[in-house]
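# A look at the structure
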Amino acid sequence: MATAVVTAPPSSRPRKLGQFWRDGDHIAHLVTLIFAASVFLVTVFLVYELWIHSAPSRAKFGFSFLTGKVWDPVAEQFGALPFIYGTVLTSFLALLISVPLGVGAAIFLAELAPPRLSNICTFLVELLAAVPSVILGLLAIFTMVPLLRQYGEPFLKRTLGFLPLFQGPAYGVGYLAAGLILAIMTFPFIISISREALLAVPREQREAALALGATKWESTWQVVVPYARLGILGSIFLALARALGETMAVTMVIGNDTGIHTSLLSPGYTIAAVIANMFSEATGDMYLSSLIELGLVLFALTMVLNGAAQLLILATTGKGSRQP
Amino acid sequence: MDPIARRNIVNKIMLTVTGICTVLTVSTLFLILGYLVVNGWRSVDWNFFTKLPMAAGETGGGVANAIVGSGIVILIAMVIGIPVGFLGAIYLAEFGGKTVPMLIRYTADLLNGVPSIVIGIFAWTVIVVPMHHFSAWAGGFALSLMMIPIGLRATEQFLRGVPNSLREASLALGASKTRTIISVIVPAAKQGILTGMILGVARIAGETAPLLFTSLNNQYWAKSPNEPTAALPVLIYNYAISPYEDLHRQAWAAGLVLLVLVLIANIASRWVLSRGAAVQRG
């Protein structure tokens, strides 16, 4: 690689080795390249380690690992379906709450709020994204879960109890609690990225809609939001990737139950929570290897979503100019 | 009803709804901070910062070892993460061609998206297993992996923001490329770089999942980074799920301390950046 960089106009005289190294540029190039390449290598190594260490489990269970419903460490029977189900369900619940809330707030911040207020609010939202997940979990355990148990879940059972989604005893902990805490963790992403996408919509689009007699809301909803839809979708994918991989807050409120339940009030498990709870006490190679394969599944899921999100965000912020 | 009046009413309602969404989301931060202050501030006292944890079930004690342990683990992460992020970014912004930096940028984004618990598994397989015991080294390594992508991308972004005229002026004066980077480009971008590093540290300071089975936990002082080490986020987790009232009290206090530190770091990074912008403009 070192020869690929041109540091000076090519001279007609052949350079001596001493001159070649004198300015140190080649050394600096090489040193920085090593550090940059280490980022690449360590990532490849991470995938390799997950792959190698999950080999026993992959060899024994094959694809039935993903469809098996039984997780029994004593019998060494490992199926990941309850955890995949829990992960997808809680993330879906989270998005159900955070997407309307986040997109609504993003519209307000991008279209309506005066720039100063918008910037302050966005900063506060970004601070919210920086709150460590263990702190959200702490709050969830001691404030949200008791509230859900005493008021929230009995209310849902009274009003929507005829649905299979809201049946069974109100524990407080469970899919619903995890979904709620994940909603709080995901909307900062949706707000800050959607707002960027909305701000990138050219001003002429708004002016054209308003000139045609549209109200502010009509111009926003029928012109600006569709124009920025890819960026908004990208922010949702990114939020979903974060929700799937989120560990601590979910582990603290999910309730730790290895079954598959229809009711949102029921305790369950997510992939990340299983790993967090079981990894340090796992005995036996097959047990560990199954947990590492769960990690691999989680890794693959989030990678696909992150990749898709980045493409979408790139596609919107690349086109159009920023609102002046 | 008159269609125009209806449209105006819809307009008002929907715009109000977006306003409510904003109030709900932004107020969450204050709600979190408020709850922590109300529940935690009384327990943040001298004992909290100076004493070791008591045996389970007894009241009193502090979290001194977890505070110091967090510091050690973060320090290890910084010693690994800052050079890699900083020098790697110099390569990406100044030396790299097209293909290799693109590949590295892509993997850095990939690494940034890896769930923290998976990072923990990786650190466990490459450090804890060969060493046969949990250690602060493993925890620091895991956290450094979370810090590198943030530092790398932020530093690169700000290095690219340095005007080309500065590079050309330095090269025209006869300085080598390395000299130009050291004396001109990095100083011009130093606020941005510092911001990236602070944000990286702020992110890892609250991470729990990568530490669960790397640095584990410790009731006492860790005598060296080779031993399992207590860390504030892990302590909050353990205390919160424990059945003891007194530990819950300390979990709130520890949560308050951690959150305030993380928020200060985030606000400080903003402040550094805004000062940098002012200097460049003026």
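Residues numbered from 1 in each chain as written. Chains lettered and ligands numbered in written order. Predicted model: local features only at pLDDT ≥ 70, side-chain atom pairs only at ≥ 80, totals over all residues.

### Focus on the overall build of chain A
Scanning chain A from N- to C-terminus turns up 14 helices and two strands. The C-alpha atoms of chain A give a radius of gyration of 25 Å, which is well past the 20 Å a tight globule of 324 residues would have. Counting only C-alpha atoms and orienting by the principal axes, one finds that chain A spans roughly 85 × 70 × 35 Å. For chain A, with 324 residues in total, the buried portion stands at 49%. When contacts within chain A are restricted to residue pairs at least 6 apart in sequence, long-range pairs at least 24 apart make up 78% of them. (Helix = DSSP H or I, 4+ residues; strand = E, 2+ residues; numbered from the N terminus. Rg over C-alpha atoms; globule rule 2.2 N^0.38 Å. Buried ≥ 20, exposed ≤ 12 C-beta atoms within 10 Å, placed from the backbone. Contact = placed C-beta atoms within 7 Å.)

### A closer look at the interface of chain A and chain B
With 70 residues of chain A at the contact, the number on the chain B side is 69 residues. Ranked by residue count, the leading element in the side of chain A that touches chain B is helix α2 (residues 25-53) of chain A, at 17 residues.

### Observations concerning the domain arrangement of chain B
Split by domain assignment, chain B resolves into domain 1 (3-43) and domain 2 (46-281). A class-by-class count of the residues in the side of domain 1 of chain B that touches domain 2 of chain B yields four nonpolar, three polar and no charged. (Domains from an automatic or database assignment. Nonpolar A, V, L, I, M, F, W, Y, C, P; charged D, E, K, R; others polar.)

### Comments concerning the nonpolar core
Burial of nonpolar side chains together is a common tendency in soluble globular proteins. Grouped together as the largest cluster of nonpolar side chains are 190 residues, with contacts concentrated most on A140, A177, I181 and V253 of chain A together with I236 of chain B. A per-element tally of this core places helix α3 (residues 64-95) of chain B first, with 18 residues. Among the domains, domain 1 (3-43) and domain 2 (46-281) of chain B are the pair contributing at least three residues each to this core. Discounting residues that sit within four places of it in the chain, A177 of chain A has contacts with A140, M144, V145, L148, G172 and V253 of chain A. (Core = buried A, V, L, I, M, F, W, Y, C linked by C-beta atoms within 7 Å.)

### Quick look at the packing of helix α8 (residues 175-199) of chain A against helix α11 (residues 229-245) of chain A
Residue and element names in this part refer to chain A. Two numbers describe how α8 lies on α11: the axes approach to 8 Å, and their chain directions differ by 155°. In this view, α8 runs roughly antiparallel relative to α11, as classed from their interaxial angle. Our pair here, α8 against α11, has a crossing hand that is right-handed. Facing L182, M185, T186, F189, I190, I193, S194, E196 and A197 of α8, the residues of α11 in contact are G231, I232, G234, S235, I236, L238, A239, R242 and A243. Partitioning the contact of α8 with α11 into residue classes produces 11 nonpolar, five polar and two charged. (Axes fitted to C-alpha atoms, helices over the stretch in contact; angles between N-to-C directions. Parallel < 35°, antiparallel > 145°, perpendicular 65-115°, else oblique. Left-handed = near helix turned anticlockwise from the far one by under 90°.)

### What about the packing of helix α5 (residues 81-112) of chain A against α8 of chain A?
Residues and elements named next belong to chain A. Contact pair α5 / α8: the axes reach a minimum separation of 6 Å and the direction vectors enclose 35°. Crossing of α5 over α8 shows right-handed handedness. Each residue belonging to the contact of α5 with α8 can be placed in one class, and the counts come to 23 nonpolar, eight polar and two charged.

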